[in-house]
Amino acid sequence: MNLRPFYRLAVIVVVSQVVVSAWGFAQVGLTAQVPIHWNAAGKANGYAPAWLGFLVVPAITAGLVGLLVLIPRIEPRRANLLKSSSAYTTIAMATLVLMLGVQLAAVAAGAGYNVPITALVGGGVGLLFVILGNVMTTVRSNFMVGVRTPWTLTSDLSWDKTHRLTGRLWVVGGVAILLSSLLGRTVLLLAVILVFSIGSVAVALVYSYRVWKSDPNRRSVGGGS
């Protein structure tokens with residue numbers, strides 16, 4: 001799997017996050033209290049010292065990079081993941097870009113700028129789901145990436161059909177989340193995210209089982225045919 005584009009972007013993102021953190025420290029110092037949590041109304045209701053608040057996102061991003069590098073090495077169905085390399089790289093890179101956006105918004109808010117962070121992060125999440133939905137149909141059966149239910153993992157037909165349906169749902173849901181974030185109504189945004197999250201999971205579970213049940217080549221969850 002060619003992860004060189006991901007490696008290059010990972011270095012750029014993490015270094016950029018650290019530079020943004022340094023800028024934030026120059027604005028408020030290391031010990032000033034900065035917001036790290038926001039309520040449903042988009043108001044800050046949790047604070048931490050700047051050294052922690054400005055560095056937590058880069059730390060999480062570095063951890064994600066390590067995980068994304070590790071997954072192809074430990075995936076039991078590695079051959080299938082290799083066939084999905086384009087989708088995997090797209091998902092990994094889109095996630096990194098989202099984390100960079102989160103860092104920029106969080107540090108700007110901590111530095112005293114009026115940042116609608118809930119709307120910005122919500123919009124980023126919506127855009128991420130649109131991207132995921134578009135590439136999800138090309139992901140081959142594996143244990144690490146995709147809609148992994150007992151039935152998609154034991155039926156190639158269920159995997160393929162469930163990912164086609166889920167991909168469309170994620171695109172629609174992502175657009176709905178993005179539009180909700182543009183309206184600036186945090187409660188509406190959270191409601192859309194909640195309905196979309198629960199609804200897409202429920203549909204995937206039910207649909208994957210129904211397709212698995214109709215697949216003559218399905219395997220039992222225990223491994224037999």
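1. Remarks on the overall build of the protein
For the protein, the count of helices and strands is 8 helices and 2 strands. Traced from its N-terminal end to its C-terminal end, the protein shows the element sequence α-β-β-α-α-α-α-α-α-α. Across its three principal axes, the protein shows a C-alpha extent of roughly 65 × 40 × 25 Å. Among the 225 residues that make up the protein, the fraction classed as buried is 40%.

2. Considerations on the packing of helix α6 (residues 117–135) against helix α8 (residues 186–214)
Here α6 crosses α8 at 30°, and the two axes come no closer than 10 Å. Classified by the angle between their axes, α6 and α8 sit roughly parallel to one another. Of the two elements, α6 crosses α8, and the hand of that crossing is left-handed. Between α6, through T118, A119, G122 and F129, and α8, the contact on the second element is made entirely by T186, L189 and F196. Residue composition of the contact of α6 with α8, by class: 4 nonpolar, 3 polar and no charged.

3. A word on helix α3 (residues 56–74)
In this model, α3 (19 residues) spans 27 Å end to end at C-alpha, consistent with the 27 Å of a helix rising 1.5 Å per residue. Every buried residue of α3 is listed here: V57, P58, T61, V65, L68, I71 and P72. The arc enclosing the buried residues of α3, seen along the axis, measures out at 135°, which places them on a common side. Tucked into the core, α3 has its buried residues touching α1 (4–28), α4 (78–83) and α5 (85–110).

4. Things to note about the environment of A44
Secondary-structure assignment places A44 in strand β2 (residues 44–49). The sequence separation of A44 and G199 amounts to 155 residues, and the corresponding C-alpha distance is 29 Å. Here A44 is in contact with P35, H37 and W38, once residues within four sequence places are set aside.

5. As for the environment of H163
Positionally, H163 belongs in helix α7 (residues 156–183). Among the residues examined, H163 registers a relative accessible area of 1% and is labelled buried. Each C-alpha atom of the pair H163 and R140 lies 9.4 Å from the other, and the pair is 23 residues apart in sequence. Once residues lying within four places of it in the same chain are set aside, the contact partners of H163 are M136, T137, G146 and V147.

How each quantity is defined
Sequence order as written defines residue numbering, which begins from 1 separately in each chain. It should be noted that, the model being predicted, local features are given only for residues of pLDDT at least 70 and side-chain atom pairs only at 80 or more, the latter also being counted only at that level, while totals for whole chains, interfaces and linings use all residues. The side-chain quantities take in all heavy atoms of the structure and omit both hydrogens and water. Secondary structure elements follow DSSP: runs of H or I no shorter than four residues count as helices, runs of E no shorter than two count as strands, and numbering proceeds from the N terminus. Burial classification: accessible surface area is computed with a 1.4 Å probe over protein chains only, and a residue below 20% of its type maximum counts as buried, one above 50% as exposed, and the rest as partly exposed. Axis definition: a line fit to C-alpha positions, over the contact stretch in the case of helices; interaxial angles, taken between N-to-C directions, run 0 to 180 degrees. Put simply, angles under 35 degrees are roughly parallel, angles over 145 are roughly antiparallel, angles from 65 to 115 are roughly perpendicular, and the rest are oblique. What makes a crossing left-handed is the near helix being turned counterclockwise from the far one by less than a right angle; a clockwise turn instead makes it right-handed. The contact rule is simple, with two residues in contact once any of their heavy atoms fall within 4.5 Å. Polarity classes work like this: nonpolar for Ala, Val, Leu, Ile, Met, Phe, Trp, Tyr, Cys and Pro, charged for Asp, Glu, Lys and Arg, and polar for all others, with Gly in that last group. To estimate the expected span of a helix, subtract one from its residue number and multiply by 1.5 Å. What the arc describes is the spread of directions from the helix axis to the C-beta atoms.

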